[in-house]
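Chain by chain, the residues run as shown.
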Amino acid sequence: MKESTAELQEAQRISHVGNWQLDVATNHVVWSDELYRMFGLNSKLPPPNYAEHFRLFTSESWERLSASMLRIQKTGDPYELELEMVRANGECRWMLARGEALRNTSGAITTLRGVAMDITERKSAEEQIKHLSDYDTLTQLPNRRLLMDRLKHATASSSRSKKNCALLFIDLDNFKTLNDILGHDIGDMLLKKVAERLSACIREGDTVARLGGDEFVIILENMSENVLEAANQVEMVGFKILTTLNHPYDLAGNHHISTPSIGITLFSGHMESMEALLKRADIAMYQAKKAGRNTLRFYDPEMQAAVIARAALEDDLRHALAKNQFKLYFQLQANHNRQITGAEVLLRWQCPKRGLVPPLDFIPLAEETGQILPIGQWVLETACAQLKLWEGNSLTRDLQLAVNVSARQFHQADYVEQVCKVLRSSAIKPDRLKLELTESLVLDSIEDTIIKMHALSEIGVHFSMDDFGIGYSSLSYLTQLPFDQLKIDQSFVRNISVKPSNEVIVQTIIGMAKSLRMDVIAEGVETEAQLAFLEQHGCIAYQGYLFSRPVPLEAFEQLLNQTHSYPKYSVA
Ligand code: C2E
Ligand code: MG
Ligand code: MG
């Protein structure tokens, strides 16, 4: 008997199989020597109890094992699991564990027993095979098979998140010539370096794959939900790739310049087949080749046109300030006596190519590129200089100018200091200046807003809440901010006497302003009926086409001068 136990132990040692047995009635457990050895534990000690088992496995494996153990105790169901064990020295290895229950004649479970086999070598061989089937051996990048998998995954997750994804098809220009002249080893060297550079251009979660030859594919996920915005984001990554791959390479002492051609297509959720997507990116890549190589092209011509138009706008805009192409228009603000109390200054871009460009066509881009900072500064300086000029004239000295402030401008660390500097150098009374902030700007960083508004308010600068009512107007933040005025958004004013619900909103805003002791002004007043409604409900300040469109300075000054001959207005 003893002999056969010894033989069994020896057989277990050679085959790396251990076994255990548990007497359910007494809870007594026996482990074979090989099982101790597999876990790197001392076989002189009693086997670990159930509670100590969790330390023997990775948490994921322990979860599966403990679920199976609970089941086998209850139902007697056998199990077979591949588990990752953690040995006493911290090393992780894989085991195949099988367990079964034995019952007595009346059917009650009396014994649990199991075997465990070390399968680490088999697992690592499997992993190697998987790696070989999923990765390109030269560059270690995902190959076509894994790319298709990832593409499928990206399509599914974008259909949930509604975000756009992009597929970039990258082909190296003149790669064949390099191979022919310097040989395949040098060609391979370039491919490896390109793979490294491409991997450095993308974020975690994106994929670079090698399709074969000198063709690489990138999947970018989680781009904007808005297609044009996503196109711009992808274009930026595309340019980064162009620049990165354009840097010279040292290929075993050979100085080499390589350029890529890139084709791009966007996709989201519900799209055609993976092959069709690749085809689209491939077609776009050929467009890039046709356009002279070392460039990128979008598959969608509309997108391509939009991206080109935006680049041209950005280019023109970059020089606009230096070339003095900005102008301020003035739109008068009046009170219920039809007296002019001031104006809102509205920016216009007098572009030689494009004509007079309205702000909404270029301000979003200027915000994105940061050009809004010098532009906004110019608006503020010009408005303050104008207030200074008006100071000397009794007709104009009490006018107030409202200046729109963009979020990026306002949230600069030294914004308060910038405004103070302009106030000092123009030497105007700060209360002649009214800064218009939007709700989204305010909520962007409410603590920052509170500090800056209070600082400026203390020196006398006024604040108006622009486009009020369309955002997340909440009383709680309004009470913390020193606004002097709420400006009812023109969309509500437009619908007065069209939508009864709008009239209620307008009345509510007026009431809200009153209880917060703020002034209220309506923008976009176009008809006498709107004016009458507003006045009747206690809104006594207005701006809109009924009074005047935004006009250049000369025209605005004429309006001021005309007040005696133009009975509608007088200067406050
Ligand atoms: P906003 O500040 O809400 O300006 C009011 C807009 O409504 C102006 O458009 C004005 O021309 C228009 N408007 C005024 N009265 C009426 C009316 O009775 N009917 C209609 N349909 N429209 C009216 P504009 O000049 O095109 O400006 C658009 C937006 O551009 C402004 O909206 C403001 O957010 C931004 N903006 C303008 N100038 C500047 C600036 O100097 N800096 C910044 N950051 N943004 C500016
Ligand atoms: Mg405004
Ligand atoms: Mg507005």
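Conventions we followed
Residues numbered from 1 in each chain as written. Chains lettered and ligands numbered in written order. Predicted model: local features only at pLDDT ≥ 70, side-chain atom pairs only at ≥ 80, totals over all residues. Heavy atoms only, no water. Helix = DSSP H or I, 4+ residues; strand = E, 2+ residues; numbered from the N terminus. Rg over C-alpha atoms; globule rule 2.2 N^0.38 Å. Buried < 20%, exposed > 50% of the residue type's maximum accessible area, 1.4 Å probe, protein only. Contact = heavy atoms within 4.5 Å. Donors = N, O, S within 2.8 Å, 3.2 Å for Na, K, Ca; no water. Near = heavy atom within 4 Å. Polar contact = N/O pair within 3.5 Å; in protein donor to acceptor, adjacent residues only side chain to side chain. Areas by Shrake-Rupley, 256 points an atom, 1.4 Å probe, with all protein chains shown as cover. Axes fitted to C-alpha atoms, helices over the stretch in contact; angles between N-to-C directions. Left-handed = near helix turned anticlockwise from the far one by under 90°. Arc of directions from axis to C-beta. Salt bridge = Lys/Arg side-chain N within 4 Å of Asp/Glu carboxyl O. Domains from an automatic or database assignment. Pairing = 2+ DSSP bridges. Core = buried A, V, L, I, M, F, W, Y, C linked by side-chain atoms within 4.5 Å.

## Side note on the overall build of the protein chain
- Helix and strand content of the protein chain: 21 helices and 23 strands.
- Relative to the 2.2 N^0.38 estimate, which gives 25 Å for 572 residues, the radius of gyration of the protein chain is 37 Å and therefore markedly larger than a compact globule would have.
- Relative to its 572 residues, the protein chain shows a buried fraction of 47%.
- Across the protein chain, contacts joining residues at least 24 apart in sequence account for 62% of those joining residues at least 6 apart.

## Digging into the coordination of the magnesium ion (ligand 3)
- Donor atoms from the polypeptide that coordinate the magnesium ion (ligand 3) comprise D466 (OD), D467 (OD), E523 (OE) and E523 (OE), at 2.0 to 2.4 Å from the metal.
- All donor residues of the magnesium ion (ligand 3) come from one chain, and their arrangement in sequence is D-D-x55-E.
- A gap of 4.0 Å separates the magnesium ion (ligand 3) and the magnesium ion (ligand 2), which D466 links by coordinating each metal. On the criterion of sequence distance, the pair formed by D467 in strand 18 (residues 462-468) and E523 in the loop between strand 20 (519-522) and helix 20 (528-536) is long-range, its members being 56 residues apart.
- Judged by its relative accessible area of 23%, D467 is partly exposed.

## Some details on the coordination of the magnesium ion (ligand 2)
- Distances from the magnesium ion (ligand 2) to its protein donors, E344 (OE), N404 (OD1), E436 (OE) and D466 (OD), fall at 2.0 to 2.2 Å.
- Along the chain, the residues donating to the magnesium ion (ligand 2) fall in the pattern E-x59-N-x31-E-x29-D.
- Since its relative accessible area comes to 30%, N404 is described here as partly exposed.

## Concerning the site of ligand 1
- Close contacts around ligand 1 come from 23 residues, with N404, D466, Q490, E526 and Y545 the closest.
- A distance of 2.9 Å separates an oxygen atom of ligand 1 from a polar atom in the side chain of R348.
- At 2.8 Å, a backbone N or O of Y545 approaches an oxygen atom of ligand 1.
- Contact with the protein chains covers 85% of the free accessible surface of ligand 1, which is 800 Å².
- Every element with two or more residues in the shell around ligand 1 is listed here: strand 14 (339-351) and strand 18.
- The element that contributes the greatest number of residues to the shell around ligand 1 is strand 14, accounting for 4 residues.

## With respect to unusual backbone geometry
- A positive phi angle is found at N27, which is not glycine, with a value near 65 degrees.
- Judged by its relative accessible area of 56%, N27 is exposed.
- Residues other than glycine seldom take positive phi values, yet R293 does so here, at roughly 65 degrees.
- You can see R293 is positioned in the loop between helix 9 (274-290) and strand 12 (296-298).
- Under the relative-accessibility criterion, R293 is labelled partly exposed at 36%.

## A few points about the packing of helix 7 (residues 184-201) against helix 8 (residues 227-246)
- Running from N to C, helix 7 and helix 8 point in directions that differ by 145 degrees, and their axes come no closer than 10 Å. Here helix 7 and helix 8 pass one another in a crossing that is right-handed. Contacts between helix 7 and helix 8 pair V194, R197, L198, A200 and C201 from the former with V237, K240, I241, T244 and L245 from the latter.

## Structural notes on helix 6 (residues 175-182)
- Those residues of helix 6 that fall on the buried side of the exposure criterion are F175, L178 and N179. Buried residues in helix 6, looked at end-on, bunch into an arc of 100 degrees, giving them a common side. Exposed residues on helix 6 whose side chains face more than 90 degrees from its buried face are K176, D180 and I181.
- In the core, the buried residues of helix 6 are packed alongside strand 6 (164-172), helix 7, strand 9 (249-251) and strand 10 (254-256).
- G183 sits one or two residues past helix 6 and shows a positive phi near 100 degrees.

## Remarks on the pattern of salt bridges
- Scanning the entire structure with this criterion turns up 35 salt bridges.
- For the salt bridge of K130 with D134, the shortest nitrogen-to-oxygen distance reads 2.8 Å. Of this pair, K130 and D134 both sit in helix 4 (residues 120-134), separated by 4 residues, roughly a single helical turn.
- Judged by relative accessible area, K130 falls into the partly exposed class, the value being 48%.
- Of the charged contacts, one joins R145 and D134 as a salt bridge, the two residues approaching to 2.4 Å between their closest N and O atoms. Of the two residues, R145 sits in helix 5 (residues 144-161) while D134 sits in helix 4, which places them 11 residues apart along the sequence.
- Assessed through its relative accessible area of 4%, D134 is described here as buried.

## Description of the domain arrangement of the protein chain
- In terms of domain boundaries, the protein chain breaks down into domain 1 (2-125), domain 2 (135-299) and domain 3 (321-488 + 550-571).
- Each of domain 2 and domain 3 has a C-alpha centre, and these two points are 46 Å apart.

## Focus: the sheet that holds strand 7 (residues 207-212)
- Spatially, 7-8-6-11-12 is the arrangement adopted by the 5 strands of the open sheet, whose pairing is mixed. Unpaired on one side and paired on the other, strand 7 and strand 12 mark the two borders of the sheet. If you compare each strand with its neighbour and ignore which way they point, the axes differ by 20 degrees on average.
- Two strands pair when backbone bridges link them, and strand 11 (residues 260-267) and strand 12 are joined in this way by 3 bridges, in the parallel orientation. Counterpart to I262 in the pairing with strand 12 is L296.
- Along the sheet, helix 9 contacts strand 6, strand 8 (215-223), strand 11 and strand 12; its crossing angle with strand 11, the most-contacted strand, is approximately 140 degrees.

## Quick word on the pairing of strand 16 (residues 400-404)
- Among the 5 residues of strand 16, 4 are classified as buried, and the element is accordingly described as predominantly covered.
- Pairing of strand 14 with strand 16 involves 4 bridges; the strand directions are parallel. By the bridge assignment for strand 16, A343 is matched with L401.
- As paired elements, strand 16 and strand 17 (residues 433-438) share 4 bridges and run parallel to each other. Across the sheet, the residue bridging to L401 is L433, located in strand 17.

## As for the nonpolar core
- Within the largest apolar cluster, 79 residues are counted, with the highest numbers of intra-cluster contacts made by L435, F483, I488, L534 and F556.
- For this core, the element with the most residues is helix 12 (residues 372-391), which contributes 9 residues.
- Those residues in contact with L534, other than ones at most four positions away along the chain, are I488, V493, I496, V506, I510, A522, V525, C539 and Y542.
- L190, L198, I262 and F298 belong to the second-largest nonpolar core, a separate cluster that totals 36 residues.

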